[in-house]
Amino acid sequence: MTTLRFLGAAGTVTGSRHLLDAGTARVMVDCGLFQGTRALRDRNWAKLPIAARDVDSVILTHGHIDHCGYLPRFVADGFQGPVRATADTAALVSIVLPDSARLQEEEAAHANEQGYSKHAPALPLYDTEDAERALELLRVMPHGDRREVAPGITATLATAGHILGSSTVRVELGGTSVVFSGDLGRPSHPLLLPPAPVGEADWIVVESTYGDRHHDEVSDAAGLLDTIVRTVARGGTVVIPAFAVDRTEILLYHLDRMAELGELPDVPIYVDSPMALAALRVYRAAVRARSAEIRPDVAEDPTPFLEGRLREIRSVEESKALTATDQPKVIIAASGMATGGRVVHHLARFLEDPRSSVVLVGYQAAGTRGQLLLAGARELKMLGRYVRVRADVVNLPAFSVHADADEIIGWLRTSSRRPKGVFLVHGEPGPARVLADRIEDELDWTAVIPHMDEIVRL
Ligand SMILES: [Zn+2]
């Protein structure tokens, strides 16, 4: 019997883990961390209903933490590999996992200092050594190569256009086939080519982050420029909480275009995140190598990311000095939902400054500071105290690297036949429901929102 089990990203946008079981062998597509509210994060500690050592292979769709961040724990629990991914995904995962391990270690150390953990001593979900062991299991699998990933199970990766190296995955097992969208990019991604067609699929597992949304604009570049010009004119600072991987590159690409056209005000532009800067190096290398995923017009430009003007902040001291300066500037810093990272220090300072602006450029999950800001919070708790929100809060969602509802439907339409069913994952219940109804109405396909730990027979 061939089954598919949803071990995460069911009714929520994080913790992607999908288990395919052919009876004789098992493959997991993505091995992500739950993020957001405390209740969600607690799920990372829950015992899986399967034994990690019984899984033969993991396939990663891309290097975002909610798709790969559980891997070190999975390895610590007995998974022995291999982990298949594209070369660029492997490069990004090699940046993201050690950073995640460091954060886990810091959180445990902090809990021990403050004595607020239920456990004594508090332990990290995983440590740097677990992350290193996970990285040793990575095996590169290029887009387009059909490979046996476990006995009797083959997989093929194709471009997903979401972040560099991102993939849709087609898995064939037990006489059936399943195509996973992973996270689906927007066809208008300024750097990456659009997602590859679905092709032949018996079953489709599709993300639904923006299942109820329509991005009006192809890009919010005009809105960003407008915000920078306005903020600089009143002597303020623009703070942009950005996901370290891909969003930073998209922002820099747009700023680069503005600078070339002479539109960008003459203020310093900073990226304050060692992880974002490491990811930027991977993007620069892909552009230089004219990677097949990169849009040809981008590959024509040897320096598309504001090189020469961009100021890169690495040390904590430099970061603190940057928070302290009063001169107009643009700061791009992680994390994207303002849940942690250096952006918190900048927000604690500049949210109280009515001359300044905070620009939200992506999905803000429930329970995050980003979402509270979006909802119009008048004050936010950060670093243990309440901060008044007096800065301009600007929402520019079209910078999202997730397809909107029409774009998801458009991708599903590239299926060469009617699948037996579509499973909607990676979405809050509301958006997933709206998208499921559209798939039923517009495509006349069976569309199901699986619940956590549900098993379906293929
Ligand atoms: Zn993603």
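Residues numbered from 1 in each chain as written. Predicted model: local features only at pLDDT ≥ 70, side-chain atom pairs only at ≥ 80, totals over all residues. Heavy atoms only, no water.

A look at the overall build of the protein
For clarity, the threshold we go by: The numbering of helices and of strands both runs from the N terminus, where a helix is a DSSP run of H or I of at least 4 residues and a strand a run of E of at least 2. Only the C-alpha atoms count toward the radius of gyration. The rule for a globule is 2.2 Å times the residue count to the power 0.38. Here's how the labels work: a residue is buried when its accessible area is under 20% of the maximum for its type, exposed when over 50%, partly exposed in between, all with a 1.4 Å probe on protein chains only. Any two residues whose heavy atoms approach within 4.5 Å are treated as being in contact. Residues scored as positive are Lys and Arg, those scored as negative are Asp and Glu, and His as well as the terminal groups of each chain are ignored. Every charge is mapped to an atom, namely NZ of Lys, CZ of Arg, CG of Asp or CD of Glu.
Within the protein one finds 14 helices and 22 strands. Computed over the C-alpha atoms, the radius of gyration of the protein is 21 Å, within 12% of the 23 Å expected from 2.2 N^0.38 for a compact globule of 458 residues. Expressed as lengths along the three principal axes of its C-alpha atoms, the size of the protein is roughly 65 × 55 × 40 Å. Taken across its 458 residues, the protein has 60% of its residues classed as buried. The long-range share in the protein, meaning contacts at least 24 apart out of those at least 6 apart in sequence, stands at 75%. Charged side chains in the protein number 49 positive and 61 negative. The centres of these two groups are separated by 3 Å.

Description of the coordination of the zinc ion
Worth spelling out the cut-off: The rule for donors is simple: N, O or S, within 2.8 Å of the metal, or within 3.2 Å if the metal is Na, K or Ca. Water isn't counted, so a site may look like it is missing partners. Four donors are marked tetrahedral only if all angles between them lie between 85 and 135 degrees, whereas four are marked square planar and six octahedral if opposite donors are more than 155 degrees apart and the other angles lie between 65 and 115; the remainder are marked irregular.
Protein coordination at the zinc ion comes from H62 (NE2), H64 (ND1), H162 (NE2) and D183 (OD), with a distance range of 2.2 to 2.3 Å. Its 4 donor atoms give the zinc ion angles of 92 to 164 degrees at the centre, a pattern that matches the irregular case. Binding-site remark: the zinc ion is held by donors from one chain whose sequence spacing is H-x1-H-x97-H-x20-D. Of the two residues, H64 is situated in the loop between strand 4 (57–59) and helix 2 (65–68) and H162 in the loop between strand 8 (153–159) and strand 9 (167–173); the sequence distance between them amounts to 98 residues. By relative accessible area, H64 is classed as buried at 12%.

A few points about the nonpolar core
This is how it is decided: For this analysis, a nonpolar core means a set of buried residues of the types Ala, Val, Leu, Ile, Met, Phe, Trp, Tyr and Cys, connected via side-chain atoms within 4.5 Å. Segment limits for the domains were obtained from an automatic or database-derived domain assignment.
One finds F74, L224 and L255 to be the most contacted residues of the largest nonpolar core, which totals 83 residues. No other element matches helix 8 (residues 274–288), which puts 10 residues into this core. Per-domain counts for this core show at least three residues from each of domain 1 (3–213 + 401–457) and domain 2 (221–399). Not counting chain neighbours up to four residues away, the residues in contact with L255 comprise L224, I228, L264, I269, L306 and I332.

Some points on the packing of aromatic side chains
Selection criterion: Stacked, tilted and edge-to-face are the three classes applied to pairs of Phe, Tyr and Trp rings, where Trp contributes its six-membered ring and a pair requires centres within 6.5 Å; stacked means planes under 30 degrees apart, edge-to-face means over 60, and tilted covers the rest. In this scheme, Lys NZ or Arg CZ marks a charge over a ring once it lies within 6 Å of the ring centre and within 35 degrees of the ring normal.
Under the defined criterion, the tally for this structure stands at 5 aromatic pairs. Their ring planes at 55 degrees and their centres at 5.3 Å tell us that F6 and F423 sit as a pair that is tilted. Of this pair, F6 sits in strand 1 (residues 3–6) while F423 is found in strand 20 (residues 421–425), placing the two residues 417 residues apart along the sequence. Taking relative accessible area as the criterion, F6 reaches 0% and is therefore assigned buried. On the numbers, 5.1 Å between centres and 25 degrees between planes, the contact of F74 with F79 is stacked. Ring-pair connections join several aromatic residues into one group, and the members of that group are F6, W203 and F423. Its end group placed over the ring of Y70, R17 keeps NZ or CZ at 3.7 Å from the ring centre. Lying over the aromatic face of F34, R43 brings its terminal NZ or CZ to 5.3 Å of the ring centre.

Some remarks on the pattern of salt bridges
Just so we agree on the cut-off: The working definition used for a salt bridge is a side-chain nitrogen of Lys or Arg within 4 Å of a carboxyl oxygen of Asp or Glu.
Applying the stated rule across the entire model yields 31 salt bridges. Here R38 ties to D42 by a salt bridge, and the two come within 3.6 Å at their closest N and O atoms. Of this pair, R38 and D42 both sit in helix 1 (residues 38–42), 4 residues apart, which is roughly one turn of the helix. With a relative accessible area of 34%, D42 lands in the partly exposed category. Linked through salt bridges whose partners overlap, the residues forming this network are D226, R230, R234 and D392.

A look at the sheet that holds strand 2 (residues 17–21)
Pairing between the strands of a sheet comes from backbone hydrogen bonds, and it takes one of two forms, parallel or antiparallel. Quick note on the threshold: A pair of strands is labelled paired if DSSP reports no fewer than 2 bridges between them. Inter-axis angles, ranging from 0 to 180 degrees, are taken between N-to-C directions of lines fitted to C-alpha atoms, where helices are fitted over the stretch in contact.
One open sheet accounts for 7 strands, arranged 6-5-4-3-2-1-22; its pairing is mixed. The open sheet is flanked by strand 6 (138–140) and strand 22 (455–457), the only strands paired with a single partner. Each neighbouring strand pair of the sheet contributes to a mean axis angle of 25 degrees, computed without reference to strand direction. Sheet analysis places strand 1 next to strand 2, joined by 4 bridges and oriented antiparallel. Paired with L4 across the strands is L20, a residue of strand 2. Seen against the sheet, helix 4 (residues 87–114) touches strand 5 (83–85) and strand 6 and runs at an angle of roughly 155 degrees to strand 6.

A word on the state of the cysteines
How we decide: Criterion for a disulfide: a pair of cysteine sulfur atoms within 2.5 Å.
By the definition in use, this model includes 0 disulfides. Cysteine C31 is unpaired, with the sulfur of C68 as its nearest cysteine sulfur at 8.8 Å. C31 sits in the buried class, given a relative accessible area of 0%.

Brief notes about the domain arrangement of the protein
For clarity, the cut-off: We define buried area as the total accessible area lost by two parts upon association, computed with a 1.4 Å probe and summed across both.
Along its sequence, the protein is organised into domain 1 (3–213 + 401–457) and domain 2 (221–399). Placing the centre of domain 1 and that of domain 2 at their C-alpha centroids yields a distance of 27 Å. Every contact between the two is made by 31 residues of domain 1 and, on the other side, 29 residues of domain 2. Where domain 1 abuts domain 2, roughly 2500 Å² becomes buried across the two surfaces, and 67% of that area is made up of carbon and sulfur atoms.

Some details on the sheet that holds strand 10 (residues 176–180)
Pairing is mixed across the open sheet formed by 7 strands, whose spatial order is 7-8-9-10-11-20-21. A single partner strand is all that each edge strand has here, and the edge strands are strand 7 (146–150) and strand 21 (447–448). With 5 bridges connecting them, strand 11 (residues 203–207) and strand 20 associate as parallel partners. Following the sheet pairing, E207 is matched in strand 20 by V425. Sheet strands touched by helix 13 (residues 405–412): strand 9, strand 10 and strand 11. Its angle to strand 11, the strand with the most contacts, is close to 160 degrees. Together, strand 11, strand 20 and strand 21 form the strand contacts of helix 14 (residues 429–443), whose direction differs from that of strand 20 by roughly 165 degrees.

Digging into the layout of surface pockets
Note the threshold: Buriedness for pockets is judged along seven lines, at least five of which must meet protein on both sides within 12 Å for an open set on the 1 Å grid over protein atoms alone, while cavities are sets there where a 1.4 Å probe fits but cannot get out, and lining residues have an atom within 4 Å of a point. Grid points are joined across faces, edges and corners, and a volume is the space filled by probe spheres set on the points. The classification used treats Ala, Val, Leu, Ile, Met, Phe, Trp, Tyr, Cys and Pro as nonpolar, Asp, Glu, Lys and Arg as charged, and all other residues, Gly among them, as polar.
The calculated volume of the second largest pocket comes to roughly 180 Å³. Around the second largest pocket sit N44, W45, A46, K47, L48, I50, A51, A52, R53, Y70, R73 and D77, which together line it. Looking at the lining of the second largest pocket, its residues break down into 7 nonpolar, 1 polar and 4 charged.

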